[in-house]
Amino acid sequence: EAPDSRLSDDVALMQSTIAWLAAKDFTAVRDRLDTAMGPASDETLDGMSNLFGAADPASIETISGTETRNLQTGAGNSRILLEYAVTGKWLVVDAVINTQAASKRFTRLFITPNKQSLRELNAFHFFGKGPLQYLFLAGWLTIIALTAFAMAISFRRHTGWRRWALILSMPLGLTPTVAVNWNTAQIWVIEAVSNSAGEVIPIFAFRYPMAMFGHTEIHAVYLYISAPLIALGYLCWHWSQRRRLLAPLVSGQLTAG
């Protein structure tokens, strides 16, 4: 059975579970929840159910679906985000389904109501952002400009394999990569790993290219920056060499004057 088929089965399982939740069949819903989630009270499930209202959803869209499985046994986890369009709002359902042999259980099930669809919420708008986003954008553009400048200088100064080795290596970022969500201004380190001891950020990490943009699992745009130490080091070397070459000329002009 192909992994895509397994993920499709989990999406179908998730949709049927949400249908039971909306219909207030809490016994059936509890039967699909993993014990690690703890007890789900009628009050909690009823509050989640009331978000859907009495009418059927106008649409259901799969926002994202990822899985980590043993390809031979099929055991593992799938992370799925669905968006339900209901009367007057949109509901994002975030779930993780764990598969062990023939057993499937939810280890995560959250519902987030929004006044707009994710497509509208995550649309890129340049204006109307806060100082943090614009400051990050300025740094993002500066890093790109400095790297491009260093590549242009190396193209003029060098030939052969040195030229292309420098040009290809300069966009490499050699420090942890800082990202900002363009819409929410949330900042995080892409390489950071969370564990029982807390969040671990590596001293050095690699990112190629050093500055670019991407999309989160809910399709929100983010920018990221990782310092291009090779390009910056080359620029410092170039400027120091240039000063050494200009120093005798300046000294000669002062003596002649």
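Here, the structure is the one placed above.
To start, this report covers the structure provided alongside it. Residue positions are counted from 1 within each chain, in the order its sequence is given. In keeping with the predicted nature of the model, local features appear solely for residues at pLDDT of at least 70, side-chain atom pairs appear and are counted solely at 80 or more, and the whole-chain, interface and lining totals rest on all residues. For the side-chain quantities, the full set of heavy atoms in the structure was used; hydrogens and water were omitted.

Each helix is a run of H or I in the DSSP string that is no shorter than four residues. Each strand is a run of E no shorter than two, and both are numbered from the N terminus. In terms of regular secondary structure, the chain is built from seven helices and ten strands. C-alpha atoms of the chain, sized along the principal axes, occupy 95 × 45 × 35 Å. The buried share of the chain, taken over its 257 residues, is 35%. Contacts are residue-level and defined by heavy atoms, with any inter-residue pair within 4.5 Å sufficient. Long-range contacts, defined here as pairs at least 24 residues apart, represent 59% of the contacts in the chain between residues at least 6 apart. About 15300 Å² of surface is accessible on the chain, with carbon and sulfur atoms providing 62% of the total. This count recognises Lys and Arg as positive and Asp and Glu as negative, with His and chain-terminal groups excluded. To locate a charge, the coordinates of NZ of Lys, CZ of Arg, CG of Asp or CD of Glu are taken. Taking the average place of the 21 positive charges on the side chains of the chain and the average place of its 19 negative ones, the gap between the two points comes to 20 Å. Think of it in three bands: with a 1.4 Å probe and only protein chains considered, a residue is buried below 20% of the maximum accessible area for its type, exposed above 50%, and partly exposed in between. Calculation of accessible area relied on Shrake-Rupley with a 1.4 Å probe; when residues are assessed, cover is drawn exclusively from the protein chains displayed.

Turning next to the nonpolar core. Nonpolar side chains tend to gather and get buried jointly when the protein is soluble and globular. Working definition of a nonpolar core: buried Ala, Val, Leu, Ile, Met, Phe, Trp, Tyr and Cys residues. They are joined through side-chain atoms within 4.5 Å. Ranked by size, the top nonpolar core spans 24 residues in total, and within it M14, L21, F52, Y84, V93, F106 and L109 carry the most contacts. Among the secondary structure elements, those contributing two or more residues to this core are α1 (3-22), α2 (26-30), α3 (42-50), β2 (76-86), β3 (89-100) and β4 (103-114). Per-element accounting of this core gives the leading share, six residues, to α1. Not counting chain neighbours up to four residues away, the residues in contact with F106 comprise L13, M14, T17, R32, L33, D34, M37, A95, V96 and I97. Of all hydrophobic cores here, the second largest spans ten residues; its members include V180, W182, M210 and I225.

Taken together, the side chains of F155, W164, L168 and Y208 present a nonpolar region at the surface, about 460 Å² in accessible area. With respect to the secondary-structure elements, Y208 resides in the loop between β8 (198-200) and β9 (211-215). With a relative accessible area of 48%, Y208 lands in the partly exposed category. Only residues above 30% relative accessible area that lack a salt bridge enter a patch, with like-charged residues linked at up to 9 Å and the nonpolar side chains Val, Leu, Ile, Met, Phe, Trp and Tyr linked at up to 5 Å. By convention in these notes, a salt bridge is any Lys or Arg side-chain nitrogen within 4 Å of a carboxyl oxygen on Asp or Glu.

The antiparallel open sheet is built from four strands, whose spatial order is β6-β5-β10-β9. The open sheet has two edge strands, β6 (187-189) and β9, and neither has a second partner. Strand-to-strand twist across the sheet, computed as the mean angle between neighbouring axes with direction ignored, equals 25 degrees. In this scheme, strands are said to pair when DSSP sees at least two bridges between them. Here strand β5 (residues 178-181) runs beside strand β10 (residues 221-225); their pairing, made up of four bridges, is antiparallel. When the sheet's bridge partners are listed, A179 is paired in β10 with Y224. Together, β5, β6, β9 and β10 form the strand contacts of helix α5 (residues 131-157), whose direction differs from that of β10 by roughly 50 degrees. To obtain each axis, a line is fitted to C-alpha atoms, and for helices this fit is confined to the stretch in contact; angles are then taken between N-to-C directions over 0 to 180 degrees.

All right, on to the environment of G139 then. Within the element layout of this structure, G139 appears in helix α5. A relative accessible area of 26% places G139 in the partly exposed class. A C-alpha to C-alpha distance of 28 Å links G139 and G198, two positions 59 residues apart in sequence.

Within the open sheet, the four strands sit side by side as β1-β2-β3-β4. Their pairing is antiparallel. Where the open sheet ends on each side, the last strands, each with one partner, are β1 (59-69) and β4. Sheet twist, expressed as the average angle between the axes of neighbouring strands with direction ignored, equals 15 degrees. Pairing analysis gives ten bridges linking β1 to β2, with the strands arranged antiparallel.

Note that every value here comes from positions in space, so none of it alone points to a role or purpose.
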